[in-house]
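Spelled out, the chains give:
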Amino acid sequence: MTSYQAFTVTGMAIDPIHVGTGGARLGRVDLTIARDPVTRVPKVPGSSLAGVYRTYAAMALGKYPDCAGQGQPGASGQSGHCGKPDCPVCTVFGFARGQGGGFAGLAAFSDAHVLLFPIATREGSLWVTCPGALNLIGCEVTEPLENKLYRESNSDKPASLNLGWLLLPVEQFSKWGNIKDQLDNLNLPEYIWPKSQQPQQSQQSRKNRVGLLSDKLFSHVVNSNLEVRTSVSINPETGAAEEKALFSYEALPRATVLVWNVICKNPNHFQVGGNPISASINSTTISQPDHVFDVAKTAHPYLEHLGIGGMGTRGMGRLRVLHPPS
Ligand SMILES: [Zn+2]
């Protein structure tokens, strides 16, 4: 019996997404976003994902607000996480108190990484990726990459292309085989990646808008093409702008494609307060990793409407799940 199963999810930013670090200042930007410490590429930390998934699943399953949030009881000692073995939210996302102590939860969330990053070029929008990002969807690029933009053979291929202020030579990359199959599985919009298994389509209409960069260049290009916005704090009493309260913040631009994993543990290996897990989803008792994922998935429609990260009131953060389809 398998002890866990990882489910890959891809989503596209339909607003700029700002998941902050708590106010670190970097150059001209006041509010920076979270970054991977090694690659410096912006990411959405798994802890942030776990929080929004929990809140939205609690909304979807009629367990809001008690089983959402951090689970602290209110001033009267009431509410907070119920911590019951028949609660789909508390068993899947865990809880901090209850009979027999806390429970870590059946689902764990990886960080959400940038898989495809949109860049405006003179040929139109292009989405760039890199070996490190492709690795997250099971592709291995073993060939060393130079400081070039690599395209598939039947894509538009000018001799060089500007990515922001960088002008890069364009080269054909022959080893797209496995990469193509994996990208085909992710339900990407046709204008980014038309599926390759459509033989009736002409070569012309199958052009994709994806380019491959080395990991190092990818980090560079992403960081120089983030959205930086300037905003001003509003005084809630007067409704006017606060003096000296102009601030700037960075965000992943609209149409960035993110990928993350939901790791679902086998419910049969766990007990809650000495009892087997008896919660159910879609009238089925949660007894397999994919049932755990079914609970997490109830949050997906809410991600598209209520979003993730900060600045939600400034039109930021909505994320449309592309794969798996709901
Ligand atoms: Zn609960």
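Here the structure is a predicted model, which means the values were calculated and not measured.

Thresholds applied
- Residues numbered from 1 in each chain as written.
- Predicted model: local features only at pLDDT ≥ 70, side-chain atom pairs only at ≥ 80, totals over all residues.
- Helix = DSSP H or I, 4+ residues; strand = E, 2+ residues; numbered from the N terminus.
- Buried ≥ 20, exposed ≤ 12 C-beta atoms within 10 Å, placed from the backbone.
- Contact = placed C-beta atoms within 7 Å.
- Pairing = 2+ DSSP bridges.
- Core = buried A, V, L, I, M, F, W, Y, C linked by C-beta atoms within 7 Å.
- pLDDT = per-residue confidence, 0-100.

Asker: Please explain the overall build of the protein as it appears in this structure.
Answerer: From N to C terminus, the protein includes seven helices and 17 strands. When the 326 residues of the protein are sorted by exposure, 37% land in the buried category. Excluding contacts between residues fewer than 6 apart, the proportion of contacts in the protein whose partners are at least 24 apart in sequence is 64%.

Asker: How should the pairing of strand 7 (residues 160-163) be read in this particular structure?
Answerer: Sheet faces and side chains relate simply in a regular strand, where the side chains alternate between the two faces. Residues L161 and L163 point to one face of strand 7 and are all buried, whereas S160 and N162, pointing to the other face, are not buried. With four bridges connecting them, strand 7 and strand 8 (residues 166-172) associate as antiparallel partners. Bridge pairing links S160 to P169 in strand 8. Counting the residues that bridge the hairpin from strand 7 to strand 8 gives two residues, and of these G164 lies at a positive phi of roughly 65°.

Asker: Would you mind going over the nonpolar core with me for this structure?
Answerer: Taken as a class, soluble globular proteins show a tendency for nonpolar side chains to be buried jointly. Ranked by internal contacts, the top residues of the largest apolar core, which has 80 residues, are A107, L115, V128, V292 and A296. In this view, L115 contacts T10, T129, A133, L136, I137, V257, L258 and V259; residues no more than four positions away in its chain are not counted.

Asker: Explanation requested: helix 5 (residues 215-224) in the structure shown.
Answerer: For an α-helix, the turn length of 3.6 residues means that residues three or four places apart are oriented alike. Within helix 5, burial applies to L217, F218, S219, V221 and V222. Tucked inside the fold, the buried residues of helix 5 contact strand 4 (112-121), strand 5 (124-129), strand 7 and strand 8.

Asker: Please clarify how unusual backbone geometry should be interpreted in this entry.
Answerer: Working note: non-glycine residues mostly have negative phi, and peptide bonds are mostly trans. Cis geometry marks the peptide bond from Y64 to P65, where omega comes out at 5°. Position of P65 among the secondary structure elements: in the loop between helix 1 (46-60) and helix 2 (88-93). Of note, the bond from H323 into P324 is cis; its omega dihedral lies within 30 degrees of zero at 0°. Of note in the backbone geometry, A255 takes a positive phi value of approximately 80° without being a glycine. By the secondary structure assignment, A255 is in the loop between strand 11 (241-251) and strand 12 (257-265). Backbone geometry at S283 places phi at a positive 60°, although glycine is not the residue there. Topologically, S283 is positioned in the loop between strand 15 (280-281) and strand 16 (284-285).

Asker: What is the right way to look at helix 6 (residues 289-297) in this model?
Answerer: When you tally the buried positions in helix 6, you get seven out of nine residues, the bulk of the element. Of all the residues in helix 6, the buried ones are P289, H291, V292, F293, V295, A296 and K297.

Asker: What is the right way to read the environment of A13 from this model?
Answerer: Residue placement: A13 occurs in strand 1 (residues 4-13). Taking the C-alpha atoms as reference points, A13 and E304, separated by 291 residues in sequence, lie 8.7 Å from one another.

Asker: Please explain the confidence of the model for the protein as it appears in this structure.
Answerer: In this model, the protein carries an average pLDDT of 87, and 87% of its residues clear a pLDDT of 70 or more. Per-element confidence in the protein is highest for strand 12, whose mean pLDDT is 98, and lowest for strand 11, whose mean pLDDT is 77.

Asker: For this particular structure, what's the right way to read the environment of K43?
Answerer: In this fold, K43 is placed in strand 2 (residues 43-44). Residue classification places K43 among the buried positions, given that 21 C-beta atoms sit within 10 Å. Taking the C-alpha atoms as reference points, K43 and V19, separated by 24 residues in sequence, lie 8.1 Å from one another. When neighbours within four sequence positions are excluded, K43 is seen to be in contact with A34, R35, D36, D111, A112 and H113.

Asker: Explanation requested: the environment of L163 in the structure shown.
Answerer: Summarising the element assignment, L163 is placed in strand 7. Among the residues examined, L163 registers 22 C-beta atoms within 10 Å and is labelled buried. Separated by 14 residues in the primary sequence, L163 and L149 have C-alpha atoms spaced 9.2 Å apart. Excluding its chain neighbours within four sequence positions, the residues that come into contact with L163 are I119, T121, V128, L149, L168 and V221.

Asker: Before we go on, may I ask you to explain the pairing of strand 12 in this structure?
Answerer: The pairing of strand 1 with strand 12 spans nine bridges and is antiparallel. In the sheet register, V9 faces strand 12, and the bridge partner there is W260. Taken together, the three bridges between strand 3 (residues 107-109) and strand 12 define a ladder with antiparallel strand orientation. Its bridge partner lying in strand 12, A108 is registered against I263. Here strand 4 pairs with strand 12 via three bridges, running antiparallel. Looking at strand 12, one finds that H113 is bridged to V259.

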